[in-house]
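Structural features, examined
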Amino acid sequence: MDLQAEKKKIIKELEHTNEDWVIRSIKRLLSIDQEVVEYHFDGSVLTKDQLIEEIMEASSQVKSGNYISQEEAEKEIDSW
(Lines give C-alpha, C1' and ligand atoms only; values in the text may rest on other atoms or scores of the structure.)
Protein backbone atom coordinates (compact mmCIF):
# COMPACT_ATOMS: atom_id res chain seq x y z
CA MET A 1 0.00 0.00 0.00
CA ASP A 2 1.22 3.48 -0.72
CA LEU A 3 1.52 6.24 1.87
CA GLN A 4 -1.70 8.03 0.91
CA ALA A 5 -3.70 4.80 1.13
CA GLU A 6 -2.19 4.05 4.54
CA LYS A 7 -3.13 7.52 5.80
CA LYS A 8 -6.70 7.13 4.56
CA LYS A 9 -6.97 3.73 6.25
CA ILE A 10 -5.71 5.17 9.56
CA ILE A 11 -8.07 8.15 9.33
CA LYS A 12 -11.01 5.83 8.68
CA GLU A 13 -10.10 3.71 11.71
CA LEU A 14 -9.75 6.82 13.89
CA GLU A 15 -13.16 8.09 12.82
CA HIS A 16 -14.75 4.89 14.10
CA THR A 17 -12.86 4.42 17.35
CA ASN A 18 -14.49 5.07 20.70
CA GLU A 19 -11.32 4.43 22.67
CA ASP A 20 -9.90 7.60 24.21
CA TRP A 21 -6.54 5.90 24.85
CA VAL A 22 -6.12 5.45 21.09
CA ILE A 23 -6.65 9.16 20.50
CA ARG A 24 -4.28 10.11 23.35
CA SER A 25 -1.63 7.77 21.96
CA ILE A 26 -1.91 9.22 18.47
CA LYS A 27 -1.70 12.75 19.86
CA ARG A 28 1.38 11.79 21.85
CA LEU A 29 3.00 10.29 18.76
CA LEU A 30 2.25 13.38 16.70
CA SER A 31 3.97 15.61 19.24
CA ILE A 32 7.30 13.91 18.53
CA ASP A 33 8.49 16.94 16.57
CA GLN A 34 8.10 18.99 19.73
CA GLU A 35 10.57 18.51 22.55
CA VAL A 36 8.61 16.65 25.24
CA VAL A 37 9.84 17.31 28.76
CA GLU A 38 7.18 15.49 30.77
CA TYR A 39 4.73 12.63 30.29
CA HIS A 40 1.54 12.48 32.37
CA PHE A 41 -0.36 9.40 33.50
CA ASP A 42 -3.40 10.46 31.48
CA GLY A 43 -1.38 10.23 28.26
CA SER A 44 -0.87 13.95 27.80
CA VAL A 45 2.54 15.55 27.49
CA LEU A 46 4.21 18.80 28.44
CA THR A 47 6.37 20.26 25.70
CA LYS A 48 9.38 22.50 26.19
CA ASP A 49 7.42 25.44 24.73
CA GLN A 50 4.52 24.83 27.14
CA LEU A 51 6.91 24.62 30.09
CA ILE A 52 8.56 27.91 29.12
CA GLU A 53 5.12 29.52 28.81
CA GLU A 54 4.14 28.26 32.30
CA ILE A 55 7.41 29.55 33.77
CA MET A 56 6.89 32.97 32.19
CA GLU A 57 3.33 33.10 33.57
CA ALA A 58 4.54 32.13 37.05
CA SER A 59 7.28 34.75 36.90
CA SER A 60 4.72 37.37 35.91
CA GLN A 61 2.49 36.37 38.82
CA VAL A 62 5.36 36.67 41.30
CA LYS A 63 6.36 40.08 39.92
CA SER A 64 2.78 41.30 40.36
CA GLY A 65 2.67 40.04 43.95
CA ASN A 66 0.30 37.19 43.22
CA TYR A 67 1.81 34.54 45.50
CA ILE A 68 1.77 33.30 49.10
CA SER A 69 4.71 32.97 51.48
CA GLN A 70 6.22 29.65 52.58
CA GLU A 71 4.69 30.19 56.03
CA GLU A 72 1.23 30.76 54.54
CA ALA A 73 1.60 27.65 52.39
CA GLU A 74 2.59 25.54 55.40
CA LYS A 75 -0.40 26.83 57.39
CA GLU A 76 -2.68 25.96 54.50
CA ILE A 77 -1.20 22.46 54.24
CA ASP A 78 -1.60 21.93 57.98
CA SER A 79 -5.31 22.75 57.67
CA TRP A 80 -5.85 19.86 55.27
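Residues numbered from 1 in each chain as written. Predicted model: local features only at pLDDT ≥ 70, side-chain atom pairs only at ≥ 80, totals over all residues. Heavy atoms only, no water.

Overview of the pattern of salt bridges
Throughout the structure, instances matching the rule amount to two salt bridges. Here E35 ties to K48 by a salt bridge, and the two come within 3.9 Å at their closest N and O atoms. A residue pair is termed long-range when its members are at least 10 positions apart, and E35 in the loop between α2 (20–30) and β1 (36–39) and K48 in helix α3 (residues 48–63) qualify at 13 residues. Classification of K48 by relative accessible area gives partly exposed; the value is 39%. (Salt bridge = Lys/Arg side-chain N within 4 Å of Asp/Glu carboxyl O. Helix = DSSP H or I, 4+ residues; strand = E, 2+ residues; numbered from the N terminus. Buried < 20%, exposed > 50% of the residue type's maximum accessible area, 1.4 Å probe, protein only.)

Remarks on α3
Because each turn of an α-helix spans 3.6 residues, side chains separated by three or four positions in sequence point in the same direction. The terminal C-alpha atoms of α3 lie 23 Å apart, and with 16 residues this matches the ideal 22 Å at 1.5 Å per residue to within 8%. Just downstream of α3 lies G65, where phi reads positive at about 85°. (Expected span 1.5 Å × (residues − 1).)

Here we look at a negative patch on the surface
Together, E38, D49, E53, E54 and E57 line one region of the surface with negative charge. The element contributing the most residues to the negative patch is α3, with four residues. (Patch = residues over 30% accessible without salt bridge, like charges linked within 9 Å, V, L, I, M, F, W, Y side chains within 5 Å. Areas by Shrake-Rupley, 256 points an atom, 1.4 Å probe, with all protein chains shown as cover. Lys, Arg positive; Asp, Glu negative; His and termini not counted. Charge placed at Lys NZ, Arg CZ, Asp CG, Glu CD.)

Focus on the confidence of the model for the protein
For the protein, per-residue confidence averages 88 on the pLDDT scale, and 96% of positions sit at 70 or higher. Per-element averaging of pLDDT across the protein places α2 at the bottom with 80 and helix α4 (residues 70–78) at the top with 95. (pLDDT = per-residue confidence, 0-100.)

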